[in-house]
Amino acid sequence: MYLDRSRNKIEGWRCRGTHCLLGKMWLSLVSFLILGIVGLHINKTQNALSVEVANSVFGIQLESAQSGHRILEEVRLMRRNGGWYSDQRGKGSHQNESLDSSKQKEGLVMLVKNPATLQTTFSKVFRTNELFGFYMDVQWHLRRIQNGSLILFVVSASGTAGLRDAASDFSAVGSLIGHHLPAGAHWVWVFVKGGRTLLETAVLDKPNSVLGHLHIPKAQLEQNTALEIFDEKRFKFCRKYDSMGEFCDFDYQRPLLNSDKRYEILTGIPFIITAGNRPDYLFESLTSLMKSPGFQPQNLHVLIGGDWPQTEDLLDIFNFTYSIIPIRGEGNFMRFLYYRQVFSFIVENFPLAPAAILMDEDVRVSPDFFSYFAQVLPVLLEDDSLFCATAFGHLAMPTLFSHKDKVRRGDMQVGWGYAIKLTAIKEALLSWPADGKSDRFYDSWLYYEHIVQGECIFPEVSRVIHFGIGLNAVGTRLETYDLVIDMETESGVHLTNIMDIPLQNWKLSLKKILEDSTLIYGDPCEKNFFTERKNGSYIFSYRCESNSTDFTKNLMLAGDCACKLSFVSTEFGWHDGVTLLRVKPGVDIYFLGVPHSSYSYFAVNESLIWDFEKLSNESQYKIWGYVSFPYQRSAWKVMTDLERQEFLRAFLGEGKEM
């Protein structure tokens, strides 16, 4: 029972990127057995690469060696869940670091080698053992690997259940069986991107393991390439680091800055990017910034958490200013202390700035990014009841309707891409713990424990998208929210209601709207309860006790019913207990939390205020079923599709050769 494609020779061919010539590469499949062992060995000699792969339900062990000494990388990947259809929050790597033996990982291992140097240029473990979201990250990276790179995919413990659309991408670049793998299968695929498959095999039954062995001579590097001659720094960078997309194409041109757009109010505002060792993500963010009219490079300062030469090399090529922030610890504890140092850096280096703009390395900005901040910043600085203005449209879900020229104010975390007053930064540092282990998110700490009073300005249509997938990524959220929110694609959008944002103006405007709104009562999860209404504004009141430990539960359930499960289950975006959802053009629903909101007097009929806890068990069960049904339906569809992957099982199950 095996699949052997090794008899195909690989003739000389040329590639677009910096891996220039793979001439007369040959391989020999020395052994191919089904064994109950675990391991992947990459023995690197001076002129060749010898690969042995084996995986099982326990994971894989990866070792790289040079000249017989196992000195480079080692990781032991162990199975941690019982089910093949895992969809747990978990913790994934937030960095594209070399695979680390101290962390247990499950999913799909991707290892990329430069065929001319045999050095590892990229490695990551994707949590495709989970059904939702993480396949998008596989697609993102695969599409940005240079043609000519040697790529190895290996399933660790379980990693095929969540491949989904990524399997189609595998087929497009040469995989024969990746699109037909059932959940729980063990799969090994070694190939040259833009070239040929060197080895591909799978074991379909989860108790079994697979072992493959192949030998790959070092490729001949074409001498004096045009890229090496005309752009030596970029040439050297692209030989060492992969997943950089167009940056490593010969004809890549740095985006030209739009010198016609210059927003004077942003001139004295430092623009901080927080970064680690993910130069591929950082390049995408920088590219979007350079394309956004109003970008002022002299304001940019990148703060690198830790010593990462690849990130420094990238910033040196672009000639952007950066500093290195020492880090300690790991995970969210490390991030919590790192952002404290970021805030300290801003105070120490920009003491006269009235505010600072901060953004993570894995955020893509809208062409309207700087135009947006140029309009909201004056209002932010003048209003003591505001502490930040974020470019992230928290309620910009595709199931809702939004106005690109509208902004709101409300309770918000800072989000991705935000301006924060320097006074707020200084106040935060006074109470920010400098030590002591903590798994808290810094932005959650700011919101829940530090900024007790104070709101943020936010747009109805987002000016950023958080595209990166890292430490705290949740698969279901990625697929239904983070990667699908609406982002403005034009520049220079005039914000028509910016003068409504000051606190007194906002209160008066909201009061007038509520006075003119119609009260509605009933089951929010009843079909078309919100959408089948005439144009106008409506008030839906729900029970919200400020002293309750779960005071947003009713809002979460009612909001999910209104938004078809793309609503984020927090109070973010509300003002004084009032949340606006535009369920369709012309129909605005104001969710009113009673008695938490000072506007509770609009809910004149106390007995008709919606309260989940007072419903019958049958009604509660029905609502929970409605809220969870979209996820259950999606999971059922994915699992059904996987169970229908019978082609390989039928073909290989009887031990036939191919």
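Being a predicted model, the structure only gives us computed values, none of them experimental.

S.K.: Explain the environment of alanine 161 residue by residue, including any values.
M.R.: In this fold, alanine 161 is placed in the loop between strand 10 (150-156) and helix 2 (165-172). On the accessibility criterion, alanine 161 (2% relative accessible area) is buried. For the pair alanine 161 and leucine 131, spaced 30 residues apart in sequence, the C-alpha to C-alpha distance is 6.1 Å.

S.K.: Which residues make up the side chain of glutamine 310, and what values go with them?
M.R.: Secondary-structure assignment places glutamine 310 in helix 6 (residues 309-318). Taking relative accessible area as the criterion, glutamine 310 reaches 14% and is therefore assigned buried. Non-local contacts of glutamine 310, meaning those with residues more than four positions away in its chain, are made with Phe237, Tyr241, Asn277 and Pro279.

S.K.: Requested: an account of the state of the cysteines, with residues and values cited.
M.R.: In total, this model carries two disulfides according to the counting rule given. The disulfide that involves cysteine 238 links it to cysteine 248, with 2.0 Å between the sulfurs. Residues cysteine 238 and cysteine 248 are joined through a disulfide that is left-handed, its torsion about the S-S bond being -90 degrees. Here cysteine 238, found in helix 4 (residues 232-240), pairs with cysteine 248, found in the loop between helix 4 and strand 14 (271-275); they are ten residues apart in sequence, far enough to count as distant.

S.K.: Let's hear about the sheet that holds strand 26 (residues 578-584): which residues, and what values?
M.R.: Strand order in the open sheet formed by four strands is 24-25-27-26, with mixed pairing between adjacent strands. At either end of the open sheet lies a strand with only one pairing partner, and these are strand 24 (518-520) and strand 26. Sheet twist, expressed as the mean angle between neighbouring strand axes with direction ignored, is 35 degrees. Relative to strand 27 (residues 587-595), strand 25 (residues 536-544) runs parallel, the two being bridged by nine bridges. Looking at strand 27, one finds that cysteine 544 is bridged to proline 595. Its contacts with the sheet place helix 12 (residues 503-515) against strand 25, strand 26 and strand 27, and it is angled at close to 105 degrees to strand 27.

Reading the values: rules and limits
- Residues numbered from 1 in each chain as written.
- Predicted model: local features only at pLDDT ≥ 70, side-chain atom pairs only at ≥ 80, totals over all residues.
- Heavy atoms only, no water.
- Helix = DSSP H or I, 4+ residues; strand = E, 2+ residues; numbered from the N terminus.
- Buried < 20%, exposed > 50% of the residue type's maximum accessible area, 1.4 Å probe, protein only.
- Contact = heavy atoms within 4.5 Å.
- Disulfide = S-S within 2.5 Å.
- Pairing = 2+ DSSP bridges.
- Axes fitted to C-alpha atoms, helices over the stretch in contact; angles between N-to-C directions.

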